[in-house]
Amino acid sequence: MATQNIILAGFGGQGILFAGKVMAYCGLMEGKEVSWLPSYGPEMRGGTANCSVCLSDEPISSPLVLNPDVLIAMNGPSYDKFANVMAKDGKIFIDSTLVNGKKFPDGVAVFEVPATQLAQDQDLSGLANIILLGKVLKETQFASMEAVKKGIEKCVPPSKTHLIEANMRAIQLGMSL
Amino acid sequence: MAERVLMKGNEALAEAALRAGCRHFFGYPITPQTEVAAYMAKKMPKIGGTYLQAESEIAAINMVYGAAAAGVRAMTSSSSPGISLKAEGISYMAGADLPCLICNIMRGGPGLGGIQPSQADYWQATKATGHGDFQILVFAPSTVQEMVNTVFKAFDLADKYRMPAMLLGDGMLGQMMEPVEFPDSDPSANIPAKDWALTGHHNARKHNVVNSLFLQPQALEDLVVERYKKYDYIKENEAMHEEYLCEDADIILVAYGASSRIAKSAVNAARAQGIKAGVIRPITLWPYPSKPIDAACSKAKAFLVVEMSMGQMVDDVRLIVNGRKPVHFYGRTGGIIPTPAEVLEQIKKIAGGDR
């Protein structure tokens, strides 16, 4: 795995940018070159929020991902925007509670995870993003479990350390799917 | 060295400024640099510094003028349209020989333009920041870590030469997070004594005067000529650049900041296809690193300048190359970041033409 280019996309408030930051920190904990670039345009206000994450063994040229190896799509518009620009053999992870009835592109593996529903059912409110991340971890092994734990610890603000345990539970749930 | 943390470029540059001893920040919010001001607003009060959101960009730069005249490390930051508003104040500071740091996190223009990354303020930064005969130091980092390093360097050189320095970034560098570590340095080591500053002395010494008004033409000419001797010295001694795979390169790309990252990626792809390409990356845009480009003329077959503009720095490269080799240009503008594939296409076109 020389370079993994990832796009995370969804509505504002779903923790898209946070999940991206966790991925970037995981890469950093593994000693990789990493970058994280948010969309900061008008789409931040109401429509889709997305961020690009690059994990690489080489210095990263452009942090803007145009053809992702991995797409995490947490709403329909996000899926529509990026599903057809996937890199060869790319992997798409969709929150199937919110994204359904889509045609899947050829040559791409699609993983459907009812993350929002699972989060509600399992008392992991607001952690659909991290459940999806757990599934991504299982299918791509983008980092070790130890790095993921450290990554989450780095990203959860000091005032909310009680949420680390729930985040780890969400990762485990995603990995079990 | 401390551990590496992930930080946005805007926040990292603000933290670096604090560590460089800056305790006076004056600004006005504008995308995509607002995190600089937000970070300062949060941190300055905790360390006894001054954060002030001015009523306008013009007010902010004039507050920087006042603080710098009193001898402290002061800064402001903005993005393209805001820098245009600061132009008058920057000219006054250059005319009064005052050091400061101005950050421009560029966005698409002209006018209000857009808010996506751009490099279309090169001419403004290096040639016409304001009216009159003057230059400012201009640094163009290409990573978040280099943003940190250049903030220290910019403050140090601004103080050393008593002139404004600019950090010229873009929306991509300002908004992206990358790993960064901060040097453990004592900033006071690099702050020279400022015996010219207006510090108040109860008539214990001769009055200092900080001023840019000189009504006698001869006095003004003498002053400007003297200042240009300083500029000549800086041109000779302070230019910074990086060379990437230039040793055997037939095609030399010249790019700075965000577009230099794209250029390096395109060069790697070109080499994978057997085309010998390299990158000269200016780190200072004024003084411009003309020597490495001049030297490359003897070996390289062609140059390709890549910018996020319609072509501004390419003028400087053409002046240095001076017709000895073809100088090509590729740019995207308006907030579009060129892709490595687009740049590779240009390299292949040039390589094809050469064969």
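Residues numbered from 1 in each chain as written. Chains lettered and ligands numbered in written order. Predicted model: local features only at pLDDT ≥ 70, side-chain atom pairs only at ≥ 80, totals over all residues.

**Q** Break down the overall build of chain B for me, citing the residues and quoting the values.
**A** Scanning chain B for helices and strands turns up 12 helices and 14 strands. The globule rule puts the C-alpha radius of gyration for 355 residues at 20 Å, and the 21 Å found for chain B is close to it. In terms of principal-axis extent, the alpha carbons of chain B reach across some 75 × 50 × 40 Å. Taken across its 355 residues, chain B has 53% of its residues classed as buried. Pairs at least 24 apart in sequence give 79% of the contacts found in chain B among residues at least 6 apart. (Helix = DSSP H or I, 4+ residues; strand = E, 2+ residues; numbered from the N terminus. Rg over C-alpha atoms; globule rule 2.2 N^0.38 Å. Buried ≥ 20, exposed ≤ 12 C-beta atoms within 10 Å, placed from the backbone. Contact = placed C-beta atoms within 7 Å.)

**Q** Could you give me a rundown of the domain arrangement of chain B, with the residues and numbers involved?
**A** Residues and elements named next belong to chain B. Once the domains are mapped, chain B shows domain 1 (5-237) and domain 2 (242-354). Across the contact, 27 residues belong to domain 1 and 22 residues belong to domain 2. When residues of the side of domain 1 that touches domain 2 are traced back to their parent elements, those giving at least two are α5 (122-126), β6 (137-139), β7 (164-170), α7 (171-175) and α8 (217-237). Per-element tally for the side of domain 1 that touches domain 2: the top contributor is α5, with 4 residues. Here the residues of the side of domain 1 that touches domain 2 are counted per class, giving 15 nonpolar, 9 polar and 3 charged. (Domains from an automatic or database assignment. Nonpolar A, V, L, I, M, F, W, Y, C, P; charged D, E, K, R; others polar.)

**Q** Could you give an account of the interface of chain B and chain A, with specific residues and numbers?
**A** Between chain B and chain A, the contact holds 19 residues from the first and 16 residues from the second. Mapped by element, the contributors of at least two residues to the side of chain B that touches chain A are α7, β8 (177-180) and α9 (257-272) of chain B. Residue classes in the side of chain B that touches chain A are distributed as 10 nonpolar, 5 polar and 4 charged.

**Q** So what's going on with the sheet that holds strand β3 (residues 50-53) of chain B? Which residues, and what values?
**A** Residues and elements named next belong to chain B. Strand order across the open sheet formed by 7 strands is β3-β2-β4-β5-β7-β6-β12, with mixed pairing between neighbours. At either end of the open sheet lies a strand with only one pairing partner, and these are β3 and β12 (284-286). Pairwise comparison of adjacent strand axes, ignoring direction, gives a mean angle of 20 degrees for this sheet. Looking at chain direction, strand β4 (residues 74-78) and strand β5 (residues 100-106) are connected through 4 bridges and run parallel. The partner of M75 across the bridge, within β5, is L101. Its contacts with the sheet put helix α4 (residues 80-95) on β4, β5 and β7, and the angle it makes with β5 is roughly 160 degrees. Running at roughly 160 degrees to β7, helix α6 (residues 144-161) makes contact with β5, β6 and β7 of the sheet. (Pairing = 2+ DSSP bridges. Axes fitted to C-alpha atoms, helices over the stretch in contact; angles between N-to-C directions.)

**Q** An account of the environment of A:E58 is needed here, citing residue identities and associated values.
**A** Residue and element names in this part refer to chain A. Residue position: E58 is located in the loop between β3 (48-56) and β4 (70-73). Since 13 C-beta atoms lie within 10 Å of it, E58 is described here as partly exposed. Considering only alpha carbons, one finds E58 and F111, 53 residues apart in sequence, at a separation of 28 Å. The contact partners of E58, leaving out residues within four places of it in the chain, are A2, T3 and E33.

**Q** Would you mind going over the packing of helix α1 (residues 16-29) of chain A against helix α5 (residues 145-155) of chain A in detail, with residue names and values included?
**A** Residue and element names in this part refer to chain A. Where α1 meets α5, the axes come as close as 8 Å, and the angle between the chain directions of the two elements is 125 degrees. Considering the angle they form, α1 stands oblique to α5. In this structure, α1 crosses over α5, and the sense of that crossing is right-handed. For the pair α1 and α5, the contacting residues are F18, K21, V22, Y25, C26 and M29 in the first and A147, V148, K150, G151, I152, K154 and C155 in the second. The class makeup of the residues in the contact of α1 with α5 is 9 nonpolar, 1 polar and 3 charged. (Parallel < 35°, antiparallel > 145°, perpendicular 65-115°, else oblique. Left-handed = near helix turned anticlockwise from the far one by under 90°.)

**Q** Please give an account of the pairing of β4(A) that cites residues and values.
**A** Residue and element names in this part refer to chain A. Here β4 shows two buried faces, one formed by V70 and I72 and the other by L71 and A73. Bridge count between strand β1 (residues 3-11) and β4: 4 bridges; the pairing is parallel. Opposite I6, over in β4, you have V70 as the bridge partner. Of the strand pairs in this sheet, β4 and strand β5 (residues 91-95) are connected by 4 bridges, and their pairing is parallel. Residue pairing across strands places I72 opposite F93, the latter belonging to β5. Handedness of the crossover joining β4 and β5 through helix α2 (residues 76-82) is recorded here as right-handed. (Right-handed = clockwise from strand over helix to strand, strands pointing away.)

**Q** Which residues make up the sheet that holds strand β10 (residues 251-254) of chain B, and what values do they have?
**A** Strand pairing within a sheet occurs via backbone hydrogen bonds; the two strands may be parallel or antiparallel. Residue and element names in this part refer to chain B. On the basis of which strands lie adjacent, the open sheet formed by 5 strands has the order β9-β11-β10-β13-β14 and mixed pairing. The open sheet is flanked by β9 (241-244) and β14 (327-331), the only strands paired with a single partner. For this sheet the average axis-to-axis angle between neighbouring strands, irrespective of direction, equals 20 degrees. Across 4 bridges, the pairing between β9 and strand β11 (residues 277-282) is antiparallel. The residue bridging E243 from the neighbouring strand is I280, located in β11. Contacts between α9 and the sheet are confined to β9, β10, β11 and β13 (302-307), with β11 contributing the most and set at about 165 degrees to the helix. The sheet strands contacting helix α11 (residues 313-321) are β10, β13 and β14, and the helix crosses β13 at an angle near 160 degrees.

**Q** Would you mind going over the environment of B:T143 in detail, with residue names and values included?
**A** Residues and elements named next belong to chain B. Mapped onto the elements of the fold, T143 is located in the loop between β6 and α6. Given 22 C-beta atoms within a 10 Å radius, T143 is considered buried. Counting along the chain gives 37 residues from T143 to M106, while the straight-line C-alpha distance between them is 15 Å.

**Q** Residue-level account of the confidence of the model for chain B, with values.
**A** Low-confidence regions, as indicated by low pLDDT, have predicted coordinates that should not be scrutinised in detail. In the predicted model, chain B carries a mean pLDDT of 96, and 97% of its residues have values of at least 70. Model confidence for the complex: the whole-complex pTM is 0.95, and ipTM, which rates the interface, is 0.93. (pLDDT = per-residue confidence, 0-100.)

**Q** If you had to explain the packing of helix α1 (residues 9-19) of chain B against helix α2 (residues 34-43) of chain B to someone new, which residues and values would you point to?
**A** Residue and element names in this part refer to chain B. Relative orientation of the contacting elements α1 and α2 amounts to 45 degrees, with a least axis distance of 8 Å. As judged from the angle between their axes, α1 and α2 are oblique. The handedness of the crossing between α1 and α2 comes out as right-handed. Where α1 abuts α2, its residues N10, E11, L13, A14, E15 and L18 lie against E35, V36, Y39, M40 and K43. Across the contact of α1 with α2, the residue classes break down as 6 nonpolar, 1 polar and 4 charged.

**Q** Before we move on, could you go through unusual backbone geometry and cite the residues and values that matter?
**A** Residues and elements named next belong to chain B. Cis peptide bonds are those with omega within 30 degrees of zero, and the linkage from G109 to P110 qualifies with 0 degrees. Looking at the element boundaries, P110 is found in the loop between β5 and α5. Of note, the amide linkage connecting W286 to P287 takes the cis form, showing an omega dihedral of 0 degrees. Along the chain, P287 turns up in the loop between β12 and α10 (290-296).

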